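# Summary of the model geometry
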Amino acid sequence: MSKAVLACGAGLLALTPLQAATPASPLLSDYTHTAWNGLNGAPIDVHKIAQTSDGWLWAATPAGLFRFDGVHFERMDRIQGQALRSNNVMGLLAPPDGSLWVGYRLGGVSVFGPQGVRHFGPAQGLPDSSVWSIAQGPDGTVWVATSASMASLAPGAAQFTTPDQTSGLAHTLVRQILFDRAGVQWVSAQGGVYFRAPGASRYTQAWPRLDLMAMAQGPDGSMWACDGLSKCYRMSMTAPAGNAAPRAEVEGNGMHFDRAGGMWTLRFHALNRHLQAGSGAVPAAQQLTKESGLSGPLPQTFFQDREGNIWIGTSNGIDRLRRNRLQVMPVAVPFDQPMMVSAGNGEMLISDSAAPLRRYRPDGSAQFELAAHFDSAYRDGQGAIWLGNGAGLWRREGPARYSRTPMPPELAGFPVQAMVHDEVQRMWVSVGRKGLYRIEHGQWRKHGGLAGLLDDMAMCLVRDGAGRVWVGYLRNQLAMIQGRTVQLFGPVQGLALGNVLALLVDGDHLWLGGETGLAVLDLQRKPLQFQPVHLAGSAAGSGLRGISGIVRTSAGELWLHGANGITRIAAADVVRLLAQPEQPVPAEQFNALDGLPGLPGQFRPLNTVQADSAGRLWFSTASEVASLDPRQIVRNALVPSVQITSVRAGGLDYPASPAVQLPQNQRDVRFSFTALSLSMPERVAFRYQLQGYDKEWQDPQGRREAFYTNLPPGSYRFIVKAANEDGVWNEQGADVWLNIAPAFTETPLFYLLLAAAALVLLYIFYLLRVRYLTAHMQDLMHERLAERARIARGLHDTLLQSVQGLIMYFDSQARRLPSDSAERAKLEQTLDLADQLMVEGREHIMDLRSEAIPDQLEQSLQQYGRVLLHEHFTMRVLGKPRVLCDAVRNEVHAIAREALLNAARHAKASMVVLEIDYQREYFIVRVSDNGLGLPCHIAEAGQRAGHWGLVGMRERAVAMGAQFQLESAAGQGTRIELRLGMTLATAQPARAPDASAAPSRWWRRLLRGGVAGK
């Protein structure tokens, strides 16, 4: 390999000497600045700023009192339902007890606290004049500075007191009252500043004896005050020796010190940061003016909140300065696509297209290295640094000492994209627009003479522990070179990154970054398969894009630099990810909110994140280089206060009291809530749940509202929790009970009435059904009676009349025979049988023509049974008798008579029992005997051959909807039961007069006449 060794001698160093003075980091590089003005609804002409213990930021203006949660400004005409005495507010105090003291420009003070509001005025000893400021002493006494004097209110007292003439402080304008860390009280009054030691009763004027205001105490304990115009003085309790004239040490009309001891001064046109206390002129880089983004001129108040943010009130709005987590390296000229590589000793070699190679420290101090521009860098396994550009490959031999391997003529002038050594220390080089080369014995061979490599540009190169070289290409392609074997990978193996921009070997795994995300490859698993990495939680929304830098720290954390900023995956989560790469992994993201300027490069140079020898991470963007120590990230450990600000329903806002009662028909509800974390409200996470409606916690996705529509009436509990930008959750959260009154149609009474109405409708339907069935039964009964009447008429007009004629004929012939002749005796015997036949025939015809029975069913059947069975008959009536409908009574009577008749004819029983049972639900008739019983084949068939009595009883029962049961066995008697629902049995439908009644009665009279005639 041909090499030329270059030494950077004194001549070159003289051209670019070591920067002896470290450049100061600009104000807006250390802080993220946000300004709000009238266009954002912010207060204007802010005089005072305070923060109550619940986290609200309050701003006093001549146009009203405002509060701020980091997102929305809200003008407060009422606090906790209590109205302010005036909108012209000038003094504010937020003591630790959670109360808020409000001083009015036109006089008076109001105190809003958990117990309500208290107003103070002349009647309570407060001077009737403008309130300039309010302060609290170490003992809890509240001091009020007014344009007439100052007044104090001791803890628990109801009246203010003012200093008397012996105090040494005349009744005059008092602007500010301050207690230093030693407990000394300092008072800025018209004509000078006065002080009083703890326990003293008299005030003494401090030096210099000038009309000073805007007092502040420095970290060294010194007291400062400004004249309100342009000069600030260091004060003392005594005049200097020789009574020298006072000398202003700092320019400004107001002075403040932050908690880190930094000095800040307010000018009419700017906010100044003094890097050294008492420094004179402030460079422009340490100023915040209207031109550089300040909300307006006349910055007039300074406040640092509990999270360390600095708030400035101006004549046009309000500003916030938040300390950045990333340290942007201050340089005189911005970088242009910087390339980085660790140089050891916590330093970084940086070069870009505009500046030569220098060695930088995080504070911006730099030392010249080489008068050349470089495109890429590579640190080999032995720790040697290689740099590449169109002139060749440069190996760093030591500080400012390099050896060069020149480019071959056909490649000269083309940029170097990436470099890596293979297992035998042969260098592979990706040359822009030319392809991939391997240097072997001083020769540059394209593709190293191997077949199968792509002609596309190789974006990145890396070697794994097995000596294999991995090549990341454009268009979602990856190659593995092992010896003389080339294997290509792509979508078939699960690769889905677009252009591959970054490769990192991590033990047995390979991390790959690309345009569309991150993937991991297990080098030990066969076959090789790429697994995409997915983020969980809030980071999932932004995803992973344009990953052009990957670093695994010594602590095991995985850091990515991509189009969405910086992503950190904790060490424990990386272990879980490698074990289960298909599972989403939680991650933390850093971006412009943390001070990261711009986006990382997506083409050249790569890798855009590097770790130096001290473990610090360096991130390059298009024009800046920022660094971060992953072991010392500033965290916000303050639990955010969570509040539900309002409940809105039906166009009305309800105060977020512990319980909210909504009227009827208000079903659409909006809950407004907030979390008082002022540093990064954009990263505040919420989760909420409406207990009684939501089954799981809901994520509002950055919104500070929850909407519910068409809520059923009832009682609900709305709970909301929040976490700050570092994931510190307020698990207690805030809650409110919501009660929605039901409409009458949603009350239990309405449902009860509805159920009752349904039951009534069902009952009416049941009655109609019973009436229908009864009418149908009656129609069937009428048809049957009409058929029986027709049959009876036919029998009477034919058979009986014929038989009667035969009887009369034989009777006349018998009379002609001698009375003692045998023939006459036999003929008369035959006539007697014929008469018996006529009687039986008439009886059956009467049964056919019968359509009515006595109203008393029991009486009729009892008479029938006794006549038929005499002493062998017994009848029982169970229950309270009910009036049966006519049709049922007729059928029951016929069935019972048939049963008794059968028992009398065939049973040969010594006892026949008739039971009529009136139960609540059923009407039952039983006829039982202890006679011979029925043969088995007759009992099973339900009828005797040629006889129709049993069949007729069963048919009558079925026709009226009753159950008919026959139980009998040879030698064990017979039992017949008729069972009918009581509702059917007692139904009384209207019926028309029966036209067949008259013919029936006529037929009976005719039969009776016939019998009598006989």
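An unreviewed UniProt entry annotates the protein as Histidine kinase of Duganella qianjiadongensis.

## Let's talk about the environment of Val111
In this structure, Val111 sits in strand S11 (residues 109-113). Residue classification places Val111 among the buried residues on the basis of a relative accessible area of 10%. Spatially, the C-alpha atom of Val111 lies 9.8 Å from that of Ala94, the residues being 17 residues apart in sequence. Here Val111 is in contact with Ser99, Leu100, Trp101, Gly116, Val117, Arg118 and Phe120, once residues within four sequence places are set aside.

## Here we look at the sheet that holds strand S27 (residues 287-289)
The strand order across the open sheet built from four strands is S24-S25-S26-S27, with neighbouring strands paired in antiparallel fashion. The open sheet is flanked by strand S24 (254-257) and S27, the only strands paired with a single partner. Between one strand and the next, the sheet's axes are offset by a mean angle of 20°, whatever the strand orientation. When S24 meets strand S25 (residues 263-266), the two strands line up antiparallel, connected through four bridges. Residue Phe257 lies in a different strand from S25, and its bridge partner there is Met263.

## So, the confidence of the model for the protein
When pLDDT is averaged along the protein, the result is 89, and 92% of the positions lie at 70 or above. Here residues 1-21 is modelled with pLDDT under 50, and outside its nearest four sequence neighbours on either side it reaches 33 contacts, counting other chains as well. This stretch, residues 990-1014, has a pLDDT under 50; its non-local contacts, to residues over four places away or in other chains, come to 27 contacts.

## Here's the deal with the nonpolar core
The biggest cluster of nonpolar side chains holds 43 residues, and the ones touching the most others in it are Val888, Val892, Leu900, Leu914, Phe923, Met960 and Leu978. Ranked by the residues each element gives to this core, the list is headed by helix H7 (residues 886-907), at nine residues. With residues near it in sequence (within four places) discarded, Val888 still touches Met777, Met960, Leu980, Leu984 and Ala985. Membership of the second largest hydrophobic core comes to 28 residues, among which are Phe414, Val420, Met427 and Ala458.

## A short note on the packing of H7 against helix H9 (residues 949-959)
Taken N-terminus to C-terminus, the directions of H7 and H9 make an angle of 160°; their axes are 10 Å apart at the nearest point. Taken together, the axes of H7 and H9 are roughly antiparallel relative to one another. The crossing of H7 and H9 is left-handed. Taken together, the residues of H9 that come into contact with H7 (itself represented by Glu891, Ala894, Ile895, Glu898, Ala899 and Asn902) are Gly949, Leu950, Met953, Arg956 and Ala957. Of the residues belonging to the contact of H7 with H9, the class tally is six nonpolar, two polar and three charged.

## Quick word on the state of the cysteines
Overall, the coordinates contain one disulfide when judged by the stated rule. Here Cys226 pairs with Cys232 through a disulfide, and the sulfurs are 2.1 Å apart. Taking the torsion about the sulfur-sulfur bond, which here is approximately 90°, the covalent link between Cys226 and Cys232 counts as right-handed. Given the relative accessible area of 0%, Cys232 is considered buried.

## With respect to the pairing of strand S15 (residues 150-153)
Across the two faces of S15 the burial is the same, with Met150 and Ser152 and Ala151 and Leu153 all buried. Inspection of the sheet shows strand S14 (residues 142-146) paired to S15 by four bridges, in the antiparallel sense. Each residue of the ladder has a partner; that of Val144, found in S15, is Ala151. In sequence, S14 turns back onto S15 through a hairpin of three residues.

## Observations concerning the sheet that holds strand S12 (residues 116-120)
Within a sheet, each strand pairs with its neighbour through backbone hydrogen bonds, oriented either parallel or antiparallel. With antiparallel pairing, four strands are arranged side by side in an open sheet as S9-S10-S11-S12. Pairing within the sheet leaves two strands with one partner each, and these edge strands are strand S9 (89-93) and S12. Going across the sheet, the axis of each strand differs from the next one's by a mean of 20°, ignoring polarity. With four bridges joining them, strand S10 (residues 100-104) and S11 adopt antiparallel strand pairing. Among the inter-strand pairings, Trp101 is bridged to a residue of S11, identified as Val111.

## A word on H9
For H9, every residue scored as buried is listed here: Leu950, Val951, Met953, Arg956 and Ala957. Of the residues trailing H9, Gly961 is marked for its positive phi of about 80°.

## A look at the environment of Pro43
In this structure, Pro43 sits in the loop between strand S2 (31-37) and strand S3 (48-51). According to the relative accessible area criterion, Pro43 is buried, its value standing at 1%. Taking the C-alpha atoms as reference, Pro43 lies 5.6 Å from Gly317; in sequence the two are 274 residues apart. Setting aside its immediate chain neighbours within four residues, Pro43 contacts Ala59, Thr61, Phe66, Phe73, Asn316, Gly317 and Ile318.

## Remarks on a nonpolar patch on the surface
Taken together, Phe744, Leu749, Leu752 and Leu753 make up a surface patch of nonpolar side chains, about 420 Å² in accessible area. With respect to the secondary-structure elements, Leu749 resides in helix H4 (residues 748-816). Its relative accessible area of 47% is what places Leu749 among the partly exposed residues.

What counts as what
Residues numbered from 1 in each chain as written. Predicted model: local features only at pLDDT ≥ 70, side-chain atom pairs only at ≥ 80, totals over all residues. Heavy atoms only, no water. Helix = DSSP H or I, 4+ residues; strand = E, 2+ residues; numbered from the N terminus. Buried < 20%, exposed > 50% of the residue type's maximum accessible area, 1.4 Å probe, protein only. Contact = heavy atoms within 4.5 Å. Pairing = 2+ DSSP bridges. Axes fitted to C-alpha atoms, helices over the stretch in contact; angles between N-to-C directions. pLDDT = per-residue confidence, 0-100. Core = buried A, V, L, I, M, F, W, Y, C linked by side-chain atoms within 4.5 Å. Parallel < 35°, antiparallel > 145°, perpendicular 65-115°, else oblique. Left-handed = near helix turned anticlockwise from the far one by under 90°. Nonpolar A, V, L, I, M, F, W, Y, C, P; charged D, E, K, R; others polar. Disulfide = S-S within 2.5 Å. Patch = residues over 30% accessible without salt bridge, like charges linked within 9 Å, V, L, I, M, F, W, Y side chains within 5 Å. Areas by Shrake-Rupley, 256 points an atom, 1.4 Å probe, with all protein chains shown as cover. Salt bridge = Lys/Arg side-chain N within 4 Å of Asp/Glu carboxyl O.

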